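# A structural walkthrough
If you want the building blocks of each chain, they are given just below.
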Amino acid sequence: MTVRLQRRLRLPPDAASTRRARSMLRAALGEAGLAAHNPDDGNNSGDTDHDLIDIVLLLASELCDNATLHAGTEYEVEVDIDSERVLVTVTDHGAGPLELYLGEPRPRFGRASSHGRGLLLVERLSSAWGTRHERGGTHRTWFSVSRGDHPVAETSEAQEVPDFAKLEPTLPDADQVRRLLHMPARLAARLDTPTLATELSRRLREMLAAEWVTVDVDHGDGGGTVPLAQAGSPPVTLVGVRFQEFALPLTAPLRGTLRVPTPGGVDLRTSRMAELTAERIALTVELDWLRGADLRRRSWMTYLADASELLGQSMNTDLVVALVPQVVVPRLGQWCAVYLLGNAGGPPGTAGRQYRLAAITHATEDVVPELRTALEDTPPVELARYLKEMTGGATAPAWFSDPTDGIVVALTVHGRPIGALAVGRPARRSHTPEDVALVGDIARRASLAIDNAQSTAAHIATSQALQHALLPRGLPDVEGVDFAAEYLPASAGSDVGGDFYDILSVQPYQWLASIGDVCGKGAAAAARTGMVRDVLRVLVREGRSLKRAVQLLNDVMMDAADPYQFCTLATALVTKNGSGEPPGLTIELLLAGHPQPMLVRADGRCEFIGAHGTAVGLVSSPKLVTSTHRLEPGDTFVAYTDGVTERRRGREQFGPDRLLAAAAQGAGQTSRQLITSIRNAVESFSATPPNDDIALLALRLATTAT
């Protein structure tokens, strides 16, 4: 037959009540036949019983503490034990349900930081639980824990249980140490560090019959000492209170203290019990810190990898510099400013400085204008001194206090200073040594990214200057003849394209118009382009015929013995009719491996002209054929490179037919309008950027030419 055991205890809302409730529950569980742990008897059933006892005492203690802290009225603790489960009910008479208090976010500091976990633990550890709120203001919170098949002894009716907590001041025996420190592994694994420390503190307080026990920890993160756990109700101030501090044996940078009141002085038993508890809590704190440190290290590694990837995605100096503060804030500080060497374009009155504010951000965007004013025009004296030292070669981090606390680190590349990185302190704490190391790491990565972007920008500027130098400075301004040209590089970066065009005035009434495509890109292609243009100019100016000039150019390129030094070329000698002749232009055209130019008539008719020949620089005896064409008023001669006809849309090319159609639509317009029409047609053919350079050259005989 199943026999039930029931006990009930009414308690006042003070700090000693939880200890009395635990004593009553421990006695009731013992009467119910739940075995205490004995490692020497070889019976494992005691392990299971002891796990159940620890869970019941832990959950009941949390509910008693919550009733004392939040309800503030007398409360009853009831236990009902049968062969299936242990049922504990805590009944208070507060003004509102406990859920209204326990549902609030738990503070991470202050006295309340070690309370408010009751229902969370009940939900996690109990087999079942619930609450009941009655009209009269009575609030019941209950939980049950399954116990398995264990016999229950016959018992008497419910009765008051005396307080068994007080112990004689002797050295602790093995059973007392076990009761103080033993925590089943399965239970300990389910508790966080504050909860576990609170349970150990509660056990110590109960065994010492102390009014209170507190544990404080400093994690060395700049946040100072914070409460970790407490049992009982310590006074608001410890002034005039006799107590003993026991240091938690922690590894730096961790520090911690366990405090126990000692109104009658410190005896050997109190010291030993407190030291054992401090060691057990220290072990828990350090393991938790190590786990957190490992997670932080993994997080920082991911953060640094992401920062490197982000900073390396662009070669635009302004964009890279602007990204640096965004990477730092708010993870490493409330604000961040980047200073770079050189003050070109700086605000008035700062011309004597060696540095300039290049980028700035703050976690609160509204503060950025005010912060910029404080850091840009007249930086604080202390910060300005460090900036001057770092832009002068100093590398050690420095701490400043104006406009806020923060650190400044140098931006250096290969030992060469390029600027400095200033970071304000994080919210509500100072920079930790780990923060300083991470800021230094970000500074090194930012320095490399900024230097790479600056080097790339300088390379691009040099390449673009070289590209512009290979094009004519201007087109001839001739009455009755309209010249126009356009060059569209496939890349605006550091690659110099191989396409070129040129207009040379040979005589007042004669011009050499050339367009070509040199093999390759970059500096080598630029050198070949310059050679082709200059050699052709010199030969034609010396009076060589068009065919002879191209032949001599081919000889020069063949002498280089470079298989990549060749180019396609379309060159035309354009002669304007004299004053006694009908208006017109005569074009002597030679094609050396280049696409045929177009002749766009004023009435809209379009045709390709010229005879194909061999590209220059490929063979010693190229095939070179000249052809002669005449332009009437309103007609336009258009030459282009293969980037026009080979513009791709998937597997489809723009092609010569579309080029003729685009040119026909611009017939009768000026040379500039015609080139624009063709360019728009080519660009709109495909949404993808062009992968080859495009050059267009046009000349038109005006309808009013004389």
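Throughout what follows, the structure given in this document is the object of discussion. Since the model is a prediction, treat every value here as computed from it, not as a measurement.

## Notes on a nonpolar patch on the surface
- Taken together, the side chains of L283, L287 and L290 present a nonpolar region at the surface, about 260 Å² in accessible area.
- Looking at the secondary structure, you find L287 in helix α8 (residues 268–311).

## As for the sheet that holds strand β8 (residues 243–247)
- The four strands lie next to each other as β7-β6-β9-β8, forming an open sheet whose pairing is antiparallel. Two strands bound the open sheet, and with one partner strand each, they are β7 (225–232) and β8. On average, each strand axis in the sheet is tilted by 20° relative to the strand beside it, whichever way the strands run.
- Judged from the five bridges that link them, strand β6 (residues 212–218) and strand β9 (residues 255–261) form a sheet pairing that is antiparallel. Looking at the pairing, V215 lines up with L258 of β9.
- Against the sheet, helix α7 (residues 193–208) makes contact with β6, β7 and β9, and its axis sits at roughly 45° relative to β7, the strand it touches most.

## Some thoughts on the nonpolar core
- One finds V77, V86 and V88 to be the most contacted residues of the largest nonpolar core, which totals 39 residues.
- Taken together, the elements giving at least two residues each to this core come down to β1 (5–11), α1 (17–31), α2 (45–71), β2 (75–81), β3 (85–92), α4 (118–125), β5 (139–146) and α6 (185–188).
- Ignoring anything within four residues of it in the chain, the contact list for V88 reads L25, V56, A60, V77, E78, V79, T141, W142 and F143.
- L332, V338, A359 and V409 belong to the second largest nonpolar core, which has 33 residues in total.

## Thoughts on the packing of aromatic side chains
- Summed over the entire model, instances satisfying the criterion amount to five aromatic pairs.
- Ring centres of W335 and F400 lie 5.9 Å apart, and the angle between their planes is 45°; on these two criteria the pair is classed as tilted. One end of the pair, W335, is in strand β10 (residues 335–341); the other, F400, is in strand β12 (residues 398–400), and 65 residues separate them in sequence.
- Between F483 and W511, the ring centres sit 5.7 Å apart and the planes meet at 65°, which makes this aromatic pair edge-to-face. With a gap of 28 residues between them, F483 in strand β15 (residues 481–488) and W511 in strand β17 (residues 510–518) connect regions that are remote in the sequence.
- Overall, the relative accessible area of 10% leaves F483 in the buried class.

## Quick word on unusual backbone geometry
- With an omega dihedral of 10°, the bond running from A252 to P253 counts as a cis peptide bond.
- As for its position among the elements, P253 is in the loop between β8 and β9.
- Omega for the bond connecting D402 with P403 falls within 30 degrees of zero, at 10°, which places this linkage in the cis form.
- Positionally, P403 belongs in the loop between β12 and β13 (406–413).
- Even without glycine at this site, H414 takes up a positive phi of about 55°.

## Examining the packing of helix α9 (residues 317–328) against helix α12 (residues 433–469)
- Orientation of α9 relative to α12, taken along the N-to-C sense of each, is 170°, at an axis distance of 8 Å. Overall, the two elements α9 and α12 adopt an arrangement that is roughly antiparallel. Crossing angle aside, the handedness with which α9 passes α12 is right-handed. Where α9 approaches α12, its residues T317, V320, V321, V324, V327 and V328 are matched on the opposing element by I442, A446, A449, I450, A453, Q454 and A457.

Conventions used here
- Residues numbered from 1 in each chain as written.
- Predicted model: local features only at pLDDT ≥ 70, side-chain atom pairs only at ≥ 80, totals over all residues.
- Heavy atoms only, no water.
- Patch = residues over 30% accessible without salt bridge, like charges linked within 9 Å, V, L, I, M, F, W, Y side chains within 5 Å.
- Areas by Shrake-Rupley, 256 points an atom, 1.4 Å probe, with all protein chains shown as cover.
- Salt bridge = Lys/Arg side-chain N within 4 Å of Asp/Glu carboxyl O.
- Helix = DSSP H or I, 4+ residues; strand = E, 2+ residues; numbered from the N terminus.
- Pairing = 2+ DSSP bridges.
- Axes fitted to C-alpha atoms, helices over the stretch in contact; angles between N-to-C directions.
- Contact = heavy atoms within 4.5 Å.
- Core = buried A, V, L, I, M, F, W, Y, C linked by side-chain atoms within 4.5 Å.
- Buried < 20%, exposed > 50% of the residue type's maximum accessible area, 1.4 Å probe, protein only.
- Phe/Tyr/Trp six-rings, centres within 6.5 Å; stacked < 30°, edge-to-face > 60°.
- Parallel < 35°, antiparallel > 145°, perpendicular 65-115°, else oblique.
- Left-handed = near helix turned anticlockwise from the far one by under 90°.

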